[in-house]
Amino acid sequence: MALIEVNELIKNFGSRRNLSTVIRGVDLRIEKGETVGLVGESGSGKTTLGRMVAGLIQPTSGKIFFEGVDISRRENRMHALGRIQMVFQNPIQSLNRQFSVGLQVAEPFRLLKKLEKSEAVEHARASMNSVDLEDKYFKRKPSQMSGGQLQRVAIARALASQPELIVLDEPTASLDKTIHAVIIELLLSVQRESGVSFLFITHDLTLVRSISSRIGVMYLGRIVELATAEQLFQNTLHPYTKALLSAAPKVGGSARPKKITLIGETPSARAVPFGCSLQNRCPLVHERCRVEMPKLIEVTHGHHVECFAVK
Amino acid sequence: MKKRPDVLCVDGLSVGIGDQNDSILKNVCFSVGEGEIVGLVGESGSGKTMLSLALMGLLPKPLQISSGKVKVDGQDLIIDKSKRVERTASQLAMVFQNPKNALNPTMRIGSQVERSLRINQKLNKKDARLKSLESLSDVGLPDPEQVSKKYPHQLSGGMCQRVVIAMALACRPRILIADEPTTGLDVTIQAQIFDLIRKVRDETGCSVIFISHDLAAISELCGYVAVLYRGQLMEFTTRDQLFEKSLHPYTKLLISSVTSIAKPKVVDRGPDYFSNGCRFAHRCPEAIEFCAETPKLQKFNTTHYVSCHLVNDKTY
Amino acid sequence: MQTQAISKVVVTKVRSQPMLLTGFAILLILIFSAIVLPIFLRDPLATDVSIAFQPPSLRFFFGTDKFGRDIFSRCLSAARMDIAIGLSIAFVAMVIGVILGIIAGAVGGRVDEVIMRSTDLILAFPGFVLALVIVAVIGDSVLKVSIAVTVGFIPYFVRLIRSEVLLQRELDYVSAAKLVGNSRTRLAYFHILPNAIGSSVVQATLVAGWSINTVAGLAFLGVGIRPPTAEWGVMVAEGANDIATGFWWTSLAPGALIVIASLAFHLIGDQLSEETT
């Protein structure tokens, strides 16, 4: 049984007249111990999807199964508490600036593991040590630490309840590039030790490739391509994924102007076009794309694409 | 790549609040030739934004230029007593990081562009309107008439950035400074903005200073690159030489952290280590005793300058 | 540990701002005099008609009133009362307002609607008028007048806290706290409240100043605090007619003190609000 199984997930925001369809039907599976990467640009819905899996946002319709239990239903919400955790993009904002970081790492030990304060503090210290933060940082407030250090605190806090899945929403986006590697190393070693699964959300393609076994590419609320990391980069099928890969700046090579394969801009979630969502930008657009919506089909083993132009 | 005649020459620029040792910028030297796109790369705290503000004469109150020269077309813009740059809009113009913040949320796009044209090119109302529509279409905005009637919040980030670029270009500057113009924009839009910058350079001949923390973006766009770290210039050279034959340990560290997610060898001796000398010494895996003294900018070849004690002709 | 940090911050801040310093200085002087000095001075209620209407002198700093009472002693005694009332009203209004505001912001829905419409209702009346109306209903005494004035100030705090709570609710640290097991109540009072209360504390200082004005004003009209109690407003009322007969000092001192005291609070409040925005 998959750890997480998402079925036909839909999420709308706003009122009937001013409706934003942010997630328009997503299916996804996450197995135990694997890292699934979720890539997309702004408006793709990847952050919303992550928060729904973590239980912070309730879906409009569709189901989310955690070890077979439908946690999208109200009565089951407690089932996943502490077993699914999340690390947010900006560590300064994801920690309460009024309290010391140590106490915040101790919180899950007190509240979820129901330990006494002194025991919880002990565990918190150990947890911080395991992410390379010495005891002297325990009493510090978030404003007294760097972004990289704070993100390690956030990871220590997420690990406290020994979760089976951690949703990581752009965990390195607000940190300097030279710190990225440290954080990624830490995550990988955590995974090796505990077998925790990751849902790794990012817009950085190089990054997602180095950490994920499978990657889903999202555009305007749907997964348009889903494949293993290898398959996605070596045999890119969907026109959006191709544009994303070619548009992403790469170091080295010659400074030749890139051929832009996508014109225009992403449509707003309030005015999603009928048919394929890429129709106003796609170089391969056809009449069929404007009248019918493509479905995510398995083209080769493990490689799913949503595009009429791909057989 | 032969270096073209200098449009901008920054010589020994230091910015601070009186005290030399704590200066935000220390002895920065680089130059921008005609029609070149020069990249300014550095992490947070490198001083790259401060440098752009210094060049624009926009340094916030307590900060001053304590020494150095800023020459545009040979003319030094720093008037001794004032300790700041006095420039005209036709010399340097700037595009800031967050386009929505750079536009007035209560004015329509058209009015804002027209206003810029009337002030900087002294056009009358009618001419300004026409020119405004022209410049909006020049920056690739479809249907300039429609866009002119809208307010900034009705446009996407990418479109706002194009408007800001249009307004900056209205002054026909010799140099356009773009401070992280695509941070926060989607990668597919970023590619469009890069194309726009190249087009602008090709059509108007203005030079561009492109500031970013994203080495990959710099690699795509720039012919020359200046690397900053904690207010000091570490290396200044052509793009090819930077990526293929970088000389400064910091540059090498930066490049390796971007090209591979390999296990980093983290060295950190605390920020006070050799703080009067080379400011990278505390993180430099190759630091030696000499590094307690600020390294001078050495000319390695006509297009390659480095500030590092470890580099001299012999090590090449 | 929290209070240590707070007092350290307060001391450094106060030192660096002349306005804040002035405000604090005035307040401290008033409080000090109000508490300590009366021990050394004359009974504020002692009458001695033979020394009535003495102008200010070295013996009687502010002179004497029509009953021969020492105005200086009365002013100090009144200071005690007025400042205490001002602070109490501000404090109680803040506590009640904060609790209601958090409930409104955190629970939302019907409860929020009810609370907000109630505050709208109260705010529809000018504070002074509202206090008069309430006193007319519940009766006239020091306590009842204080309650009447407090009611008028509660809505300010409710709104302030509610909008802060609505803002803080959406932030990541709240989401993270939910995921580590915080119940909704703990989230609201332990996590959100400390981050939301800043502007309310500033508002409290302003409210203290306003309530001194209001209470003195009501007393001037004969509502709430009555003679012979020494209270600034009462004293101004008592001395109001004396000006016509040439005895200018009987209202001047208490009147000036009303202004000075509320000014002190305003200075503090103003500077604090500049710090926090």
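Rules and cut-offs
- Residue numbers restart at each chain and count upward from 1, following the sequence in its written direction.
- For naming, the first written chain is A and the first written ligand is 1, with later ones following in the order written.
- pLDDT decides what is reported in this predicted model: residues at 70 or higher carry local features, side-chain atom pairs at 80 or more are listed and counted, and totals for whole chains, interfaces and linings draw on all residues regardless.
- Think of the side-chain values as coming from all heavy atoms in the structure, minus any hydrogens and water.
- Starting at the N terminus, helices and strands are each numbered in turn, a helix being any DSSP run of H or I of at least four residues and a strand any DSSP run of E of at least two.
- Just to be clear, the radius of gyration here is over C-alpha atoms, and the globule rule we use is 2.2 Å times residues to the power 0.38.
- Burial classification: accessible surface area is computed with a 1.4 Å probe over protein chains only, and a residue below 20% of its type maximum counts as buried, one above 50% as exposed, and the rest as partly exposed.
- All accessible areas in this document rest on Shrake-Rupley with a 1.4 Å probe, and a residue is counted as covered only by the protein chains that are shown.
- In this tally, Lys and Arg are treated as positive and Asp and Glu as negative; His is ignored, and so are the chain termini.
- A charge is said to be at NZ when it belongs to Lys, at CZ for Arg, at CG for Asp and at CD for Glu.
- Contacts between residues were defined by any pair of non-hydrogen atoms, one from each residue, lying within 4.5 Å.
- Per-residue confidence from the predictor is reported as pLDDT, which spans 0 to 100.
- Defined in terms of a 1.4 Å probe, buried area is the accessible area two parts forfeit on being brought together, summed over both.
- In what follows, salt bridge is the name for a side-chain nitrogen of Lys or Arg lying within 4 Å of a carboxyl oxygen of Asp or Glu.
- Polar contact criterion, stated in full: a pair of N or O atoms within 3.5 Å, where within protein one must be able to donate a hydrogen and the other to accept it, and residues adjacent in sequence count only if both atoms are side-chain atoms.
- A strand pair is defined by DSSP finding two or more bridges across the two strands.
- All axes here are fitted lines through C-alpha atoms, helices being fitted over the stretch that makes contact, and every angle between N-to-C directions spans 0 to 180 degrees.
- Note on definitions: the grid is 1 Å and covers protein atoms alone; a cavity is a set of points where a 1.4 Å probe fits but cannot get out; a pocket is an open set with protein on both sides within 12 Å along at least five of seven lines; lining residues have an atom within 4 Å of a point.
- Grid points are joined across faces, edges and corners, and a volume is the space filled by probe spheres set on the points.
- Amino acids are sorted into nonpolar (Ala, Val, Leu, Ile, Met, Phe, Trp, Tyr, Cys and Pro), charged (Asp, Glu, Lys and Arg) and polar (every other residue, Gly among them).
- Aromatic pairs are defined between Phe, Tyr and Trp rings, using the six-membered ring for Trp, whenever the two ring centres lie within 6.5 Å; interplanar angles under 30 degrees are classed as stacked, those over 60 as edge-to-face, and all others as tilted.
- Here, two cysteine sulfur atoms that lie within 2.5 Å of each other are counted as a disulfide.
- Within this analysis, patches are made of residues with over 30% relative accessible area and no salt bridge. Like charges are joined at 9 Å or less; nonpolar side chains (Val, Leu, Ile, Met, Phe, Trp, Tyr) at 5 Å or less.
- When an angle is under 35 degrees it counts as roughly parallel; over 145 it counts as roughly antiparallel; between 65 and 115 it counts as roughly perpendicular; any other value is oblique.
- Each crossing is labelled by how the near helix is turned from the far one, with a counterclockwise turn of less than a right angle marking it left-handed and a clockwise turn marking it right-handed.

Novice: How do you make sense of the overall build of chain A when you look at a structure like this?
Specialist: Each helix and strand in chain A was counted, giving 9 helices and 12 strands. The C-alpha radius of gyration computed for chain A amounts to 21 Å, which stays within 12% of the reference 19 Å derived for 311 residues, consistent with globular compactness. Here chain A, with 311 residues, has 53% of them falling under the buried criterion. Summed over all atoms, the accessible surface of chain A reaches about 14,000 Å², with 50% contributed by carbon and sulfur. Between the averaged position of the 41 positive side-chain charges in chain A and that of its 30 negative side-chain charges there is a distance of 6 Å.

Novice: Honestly, the overall build of chain C in this entry has me stumped. Any pointers?
Specialist: When you go through chain C residue by residue, the secondary structure sums to 11 helices and 0 strands. Going residue by residue from the N terminus, the α and β elements of chain C occur as α-α-α-α-α-α-α-α-α-α-α. The proportion of buried residues among the 277 residues of chain C is 45%. Put simply, of all contacts in chain C between residues at least 6 apart along the chain, 70% involve residues at least 24 apart. With the model as given, the accessible surface of chain C reaches about 13,600 Å², and the carbon-plus-sulfur share is 71%.

Novice: Looking at this model, I keep getting lost on unusual backbone geometry. Mind explaining?
Specialist: Leaving glycine out, the prevailing phi sign among residues is negative, and the prevailing peptide bond configuration is trans. Residues and elements named next belong to chain B. Unlike most non-glycine residues, Asp73 shows phi in positive territory, near 50 degrees. Among the structural elements, Asp73 can be located in the loop between β4 (64-72) and β5 (75-76). Not every positive phi belongs to a glycine, and Arg230 is a case in point at roughly 45 degrees. Inspection of the secondary structure assignment puts Arg230 in the loop between β11 (224-229) and β12 (232-238).

Novice: When you look at the confidence of the model for chain C in this model, what are you seeing that I'm missing?
Specialist: Keep in mind that low pLDDT regions are not for reading the predicted coordinates in detail. All names here are of chain C. Per-residue confidence for chain C averages 84 on the pLDDT scale, and 89% of its residues sit at or above 70. Per-element confidence in chain C is highest for helix α7 (residues 172-179), whose mean pLDDT is 95, and lowest for helix α1 (residues 2-16), whose mean pLDDT is 60. Among the prediction metrics, the complex's ipTM stands at 0.90, with pTM recorded as 0.81.

Novice: I keep staring at the arrangement of the chains and nothing clicks. Help me out?
Specialist: With 2 pairs of chains in contact overall, the contact-richest pair is chains A and B. Considering only C-alpha positions, the minimal separation of the non-contacting chain B and chain C is 17 Å.

Novice: How do you make sense of the interface of chain C and chain A when you look at a structure like this?
Specialist: How big an interface is tends to be expressed through the accessible area that disappears when the partners come together. On the side of chain A, 22 residues touch chain C, which itself brings 15 residues to the contact. Both faces considered, chain C and chain A share a buried interface measuring about 1,800 Å² in area, 56% of it formed by carbon and sulfur atoms. Three residues, Asp172, Leu179 and Val180 of chain C, lead the burial of chain C against chain A; their summed loss comes to 39% of the area buried on that side. Counting across the interface, chain C meets chain A through 2 salt bridges. Between Glu107 of chain A and Arg186 of chain C there is a salt bridge, with its nearest N and O atoms 2.8 Å apart. Where chain C touches chain A, the interface holds 10 residue pairs in polar contact (both at pLDDT 80 or more).

Novice: So what exactly am I meant to see when it comes to the sheet that holds strand β3 (residues 35-40) of chain A here?
Specialist: In a beta sheet, neighbouring strands are held together by backbone hydrogen bonds and run either parallel or antiparallel to one another. Residue and element names in this part refer to chain A. Here 8 strands make up an open sheet; going across it, the order is β6-β7-β8-β3-β9-β10-β12-β11 and the pairing mixed. Both edges of this open sheet fall to β6 (84-87) and β11 (297-300), since each of them pairs with a single strand only. On average, each strand axis in the sheet is tilted by 25 degrees relative to the strand beside it, whichever way the strands run. In the packing of helix α1 (residues 46-54) onto the sheet, contacts are made with β3, β6, β7 (165-169), β8 (197-202) and β9 (214-219), and the angle to β8 comes to roughly 155 degrees. Strand contacts of helix α8 (residues 239-247): β9 and β10 (222-228), with the helix running at about 100 degrees to β9, the strand carrying the most contacts.

Novice: Explanation requested: the interface of chain B and chain A in the structure shown.
Specialist: At the junction of the two partners, chain B supplies 33 residues and chain A supplies 30 residues. Each partner contributes to the roughly 2,700 Å² buried at the junction of chain B and chain A, and carbon and sulfur atoms together form 58% of this total. There are 0 salt bridges connecting chain B and chain A. With 8 residues, the top contributor of residues to the side of chain B that touches chain A is helix α7 (residues 187-204) of chain B.

Novice: How should I be thinking about empty space enclosed by the protein in this particular structure?
Specialist: If you roll a probe as big as a water molecule over the atoms, it shows you where there is empty space left. Residue and element names in this part refer to chain B. If you walk through the whole model with that rule in mind, you get 8 cavities of 30 Å³ or more. What lines the largest cavity is Lys26, Asn27, Cys29, Gln232, Leu233, Met234, Cys278, Thr294, Pro295, Lys296, Leu297 and Ser307. Mapped onto the lining of the largest cavity, the elements with two or more residues apiece are β2 (25-33) and β12. Its residues placed into classes, the lining of the largest cavity shows 6 nonpolar, 4 polar and 2 charged.

Novice: Got a minute to help me understand the side chain of Ser44 of chain A in this structure?
Specialist: Residues and elements named next belong to chain A. By the element assignment, Ser44 lies in the loop between β3 and α1. The exposure class assigned to Ser44 is buried, which follows from its relative accessible area of 3%. Within the structure, the side chain of Ser44 is placed 2.7 Å from the backbone oxygen of Glu41, a separation counted as a polar contact. Dropping the residues within four chain positions of it, Ser44 is found in contact with Val22, Met218, Tyr219, Leu220, Gly221 and Arg222.

Novice: I keep staring at the packing of aromatic side chains and nothing clicks. Help me out?
Specialist: For any pair of aromatic rings, the description rests on two quantities: the centre-to-centre distance and the angle between the ring planes. For the coordinates displayed, the defined rule picks out 16 aromatic pairs over all chains. The interplanar angle of 15 degrees and the centroid separation of 6.2 Å between the aromatic rings of Phe153 of chain C and Trp210 of chain C together place this pair among those described as stacked. In this pair, Phe153 of chain C is assigned in helix α6 (residues 142-169) and Trp210 of chain C in helix α9 (residues 198-220), connecting sequence segments 57 residues apart. A ring pair is formed by Tyr156 of chain C and Trp210 of chain C, whose centres lie 6.0 Å apart and whose planes are at 45 degrees; its orientation type is tilted. On the criterion of sequence distance, the pair formed by Tyr156 of chain C in helix α6 and Trp210 of chain C in helix α9 is long-range, its members being 54 residues apart. With a relative accessible area of 35%, Tyr156 of chain C lands in the partly exposed category. An aromatic cluster of at least three residues, connected via ring pairs, comprises Phe30, Tyr224, Phe236 and Tyr305 of chain B.

Novice: Just checking my understanding: could you explain the state of the cysteines for this structure?
Specialist: Chemically, a disulfide is nothing more than a covalent bond linking the sulfur atoms of two cysteines. Residue and element names in this part refer to chain A. Applying the stated criterion across every chain, the model contains 0 disulfides over all chains. Free of any disulfide, Cys276 has its nearest neighbouring cysteine sulfur in Cys289, separated by 5.8 Å. By relative accessible area, which is 12% here, Cys276 ends up buried. Cysteine Cys307 is unpaired, with the sulfur of Cys282 as its nearest cysteine sulfur at 5.9 Å. Residue Cys307 is classed as buried on the basis of its relative accessible area of 17%.

Novice: Looking at this structure, how should I read the pairing of strand β3 (residues 37-41) of chain B?
Specialist: In summary, the side chains of a regular strand alternate between the two faces of the sheet. Residues and elements named next belong to chain B. Burial analysis of β3 places 5 of its 5 residues in the buried class, which makes it a mostly covered element. Side chains Ile37, Gly39 and Val41 project from β3 onto one buried face, and the interleaved Val38 and Leu40 project onto a second face that is buried too. Across 5 bridges, the pairing between β3 and strand β10 (residues 207-212) is parallel. Opposite Val41, over in β10, you have Ser212 as the bridge partner. With 4 bridges connecting them, β3 and β11 associate as parallel partners. Paired with Leu40 across the bridge in β11 is Ala226.

Novice: How do you make sense of the sheet that holds strand β5 (residues 69-70) of chain A when you look at a structure like this?
Specialist: Residues and elements named next belong to chain A. Reading across from one edge, β2-β1-β4-β5 is the order of the 4 strands in this open sheet, with antiparallel pairing throughout. Whereas interior strands pair on both sides, the edge strands pair on one side only; in this sheet they are β2 (20-30) and β5. Against the sheet, α1 makes contact with β1 (4-13), β2 and β4 (61-66), and its axis sits at roughly 120 degrees relative to β1, the strand it touches most.

Novice: Would you explain a negative patch on the surface in this entry?
Specialist: A contiguous patch of negative charge on the surface is contributed by Glu116, Glu119, Glu122 and Asp135 of chain A. For Asp135 of chain A, the location among the structural elements is in the loop between α3 (117-130) and α4 (147-159).

Novice: Would you mind showing me how to read the packing of helix α3 (residues 71-107) of chain C against helix α8 (residues 184-196) of chain C here?
Specialist: Helix-helix packing is described using two parameters, namely the angle between the two axes and the distance between the axes. Residues and elements named next belong to chain C. Interhelical geometry of α3 versus α8 gives an angle of 120 degrees and a closest axis separation of 11 Å. Viewed along their axes, α3 and α8 adopt a mutual orientation that is oblique. For the pair α3 and α8, the sense of crossing is right-handed. Facing Val98, Ile99, Ile102, Ile103, Ala106 and Val107 of α3, the residues of α8 in contact are Arg184, Ala188, Tyr189 and Leu193.

Novice: Please clarify how the pattern of salt bridges should be interpreted in this entry.
Specialist: It is possible for side chains of opposite charge to pair when their charged atoms get near one another. In the structure shown here, the tally under the stated rule is 26 salt bridges over all chains. With a shortest N-O distance of 3.3 Å, Glu292 of chain A and Arg288 of chain A are connected by a salt bridge. Residue Glu292 of chain A is classed as partly exposed on the basis of its relative accessible area of 36%. Take Arg288 of chain A: its relative accessible area is 41%, and that puts it in the partly exposed class. Because the salt bridges share partners, they merge into one network encompassing Glu113, Arg117, Asp120 and Arg159 of chain C.

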